Amino acid sequence: MKSSRTLRNRLLSPLVYLAALLLLLEDWLWDLGLRLVRLVVAWPPWKALERHIIALPPYAALAAFVLPAILLLPVKLLALFAIASGHPISGISVIIVAKVGGAALVARLYVLTKPTLLSLPWFARWHEKFMTLKDYWIGRLKATDAFRRVSMLSAMMRGAARAALARLRRKAGFGARHASRPARMLRRFIAIWRARRR
């Protein structure tokens with residue numbers, strides 16, 4: 001009995017690691033998507049579009065929420081076709097852009113349409129069941145050693161990336177008094193861009 005449990009744990013262990021990686025990737029893409037949308041959200045045409053989406057009736061809001069996922073499917077299929085045709089970098093780049101852009105759009109549409117969608121009794125019921133089930137499985141996954149190890153590795157990689165970026169900025173002279181010309185131009189561009197956003 002004990003040996004069969006050990007064998008089952010060994011067989012399931014790679015799947016738990018994969019699930020932990022996918023969960024962390026999904027969380028990262030969701031956060032990145034929300035950050036990207038915050039950059040665009042101040043743009044007046046986008047604000048007008050958001051007001052229109054908020055005012056949609058329930059089934060139109062459902063269509064607006066589901067439509068991006070349906071529209072991104074052919075793009076992902078074309079990317080897979082590009083990979084199969086010997087263009088792996090192009091195909092993978094398209095998949096990454098579609099995933100990040102799709103996550104950004106879906107995250108924002110979820111925030112905008114959720115109150116309207118929850119007015120549909122069947123949607124509210126299934127939404128609650130889905131969220132309960134998702135929270136249960138995510139809780140179980142986060143309690144595993146595999147998730148803790150992957151989380152620690154992810155935090156270490158993020159810290160290393162931030163340190164490398166800080167070293168690169170220091171090396172390029174970004175922020176220094178006698179910065180290189182490209183760094184000064186970049187600072188000036190950022191200052192103009194921030195001034196226009198205000």
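### Quick look at the overall build of the protein
Then step 1. Within the protein, the secondary structure is distributed over seven helices and zero strands.
Then step 2. Helices and strands in the protein line up, N terminus first, as α-α-α-α-α-α-α.
Then step 3. Residues classed as buried in the protein amount to 21% of the 198 residues present.
Then step 4. Restricting to contacts in the protein with at least 6 residues of sequence separation, those with at least 24 account for 66%.
Then step 5. Accessible surface, the protein: about 15000 Å² in total, of which carbon and sulfur atoms supply 70%.

### Notes on helix α2 (residues 44-54)
Then step 1. Listed as buried for α2 are Trp 46, Glu 50 and Ile 53. With its buried residues spanning 60° around the axis, α2 presents them on a single face. Exposed residues pointing more than 90 degrees away from the buried face of α2 are listed as Pro 44, Arg 51 and His 52.

### A short note on the nonpolar core
Then step 1. If you look at the biggest cluster of nonpolar residues, it comprises 11 residues: Ile 53, Leu 56, Ala 61, Leu 62, Ala 64, Phe 65, Leu 109, Leu 112, Leu 117, Leu 120 and Phe 123.
Then step 2. Ranked by the residues each element gives to this core, the list is headed by helix α3 (residues 58-84), at four residues.
Then step 3. Apart from residues lying up to four places away in sequence, Phe 65 is in contact with Val 106, Leu 109, Tyr 110, Thr 113 and Leu 117.

### Comments concerning the packing of α3 against helix α4 (residues 88-117)
Then step 1. Contact geometry for α3 and α4: axes closest at 9 Å, N-to-C directions at 175°. Of the possible angle classes, the one that applies to α3 and α4 is roughly antiparallel.

### Let's talk about the packing of aromatic side chains
Then step 1. Using the criterion set out here, one finds two aromatic pairs in the structure.
Then step 2. Measuring from centroid to centroid gives 6.1 Å for Phe 65 and Tyr 110, while their planes differ by 45°, and the two rings are tilted. Of this pair, Phe 65 sits in helix α3 while Tyr 110 sits in helix α4, and the two are 45 residues apart along the sequence.
Then step 3. Tyr 110 sits in the partly exposed class, given a relative accessible area of 21%.
Then step 4. Ring plane angle 80° and centroid distance 6.0 Å describe the contact between Trp 122 and Phe 123, whose orientation is recorded as edge-to-face.

### Re the packing of α2 against α4
Any two packed helices are characterised by how steeply their axes cross, that is the angle between the axes, and by the distance between the axes.
Then step 1. Two numbers describe how α2 lies on α4: the axes approach to 9 Å, and their chain directions differ by 40°. Accordingly, the angle class assigned to the pair α2 and α4 is oblique. Across from Trp 46, Glu 50, Ile 53 and Ile 54 in α2, the residues of α4 making contact are Leu 105, Arg 108, Leu 109, Leu 112, Thr 113 and Thr 116.
Then step 2. For the contact of α2 with α4, the class distribution of residues is six nonpolar, two polar and two charged.

### As for the side chain of Thr 113
Then step 1. One can find Thr 113 in helix α4.
Then step 2. With a relative accessible area of 0%, Thr 113 lands in the buried category.
Then step 3. A polar contact of 2.6 Å, which involves the side chain of Thr 113, links it to the backbone oxygen of Leu 109.
Then step 4. Apart from residues no more than four positions distant in its own chain, Thr 113 is found in contact with Ile 53, Ala 61 and Phe 65.

### With respect to a nonpolar patch on the surface
Then step 1. Side chains of Leu 36, Leu 39, Val 40 and Trp 43 sit close together on the surface and give an oily, nonpolar patch of about 370 Å² of accessible area.
Then step 2. If you trace the backbone, Leu 39 turns up in helix α1 (residues 2-40).
Then step 3. Under the relative-accessibility criterion, Leu 39 is labelled partly exposed at 47%.

### Some words on the confidence of the model for the protein
Then step 1. Model confidence for the protein is summarised by a mean pLDDT of 76, while 73% of its residues fall at 70 or above.
Then step 2. For the protein, the element scoring lowest by mean pLDDT is α1, at 65; helix α5 (residues 121-142) scores highest, at 85.

Procedures and definitions
Residues numbered from 1 in each chain as written. Predicted model: local features only at pLDDT ≥ 70, side-chain atom pairs only at ≥ 80, totals over all residues. Heavy atoms only, no water. Helix = DSSP H or I, 4+ residues; strand = E, 2+ residues; numbered from the N terminus. Buried < 20%, exposed > 50% of the residue type's maximum accessible area, 1.4 Å probe, protein only. Contact = heavy atoms within 4.5 Å. Areas by Shrake-Rupley, 256 points an atom, 1.4 Å probe, with all protein chains shown as cover. Arc of directions from axis to C-beta. Core = buried A, V, L, I, M, F, W, Y, C linked by side-chain atoms within 4.5 Å. Axes fitted to C-alpha atoms, helices over the stretch in contact; angles between N-to-C directions. Parallel < 35°, antiparallel > 145°, perpendicular 65-115°, else oblique. Phe/Tyr/Trp six-rings, centres within 6.5 Å; stacked < 30°, edge-to-face > 60°. Nonpolar A, V, L, I, M, F, W, Y, C, P; charged D, E, K, R; others polar. Polar contact = N/O pair within 3.5 Å; in protein donor to acceptor, adjacent residues only side chain to side chain. Patch = residues over 30% accessible without salt bridge, like charges linked within 9 Å, V, L, I, M, F, W, Y side chains within 5 Å. Salt bridge = Lys/Arg side-chain N within 4 Å of Asp/Glu carboxyl O. pLDDT = per-residue confidence, 0-100.

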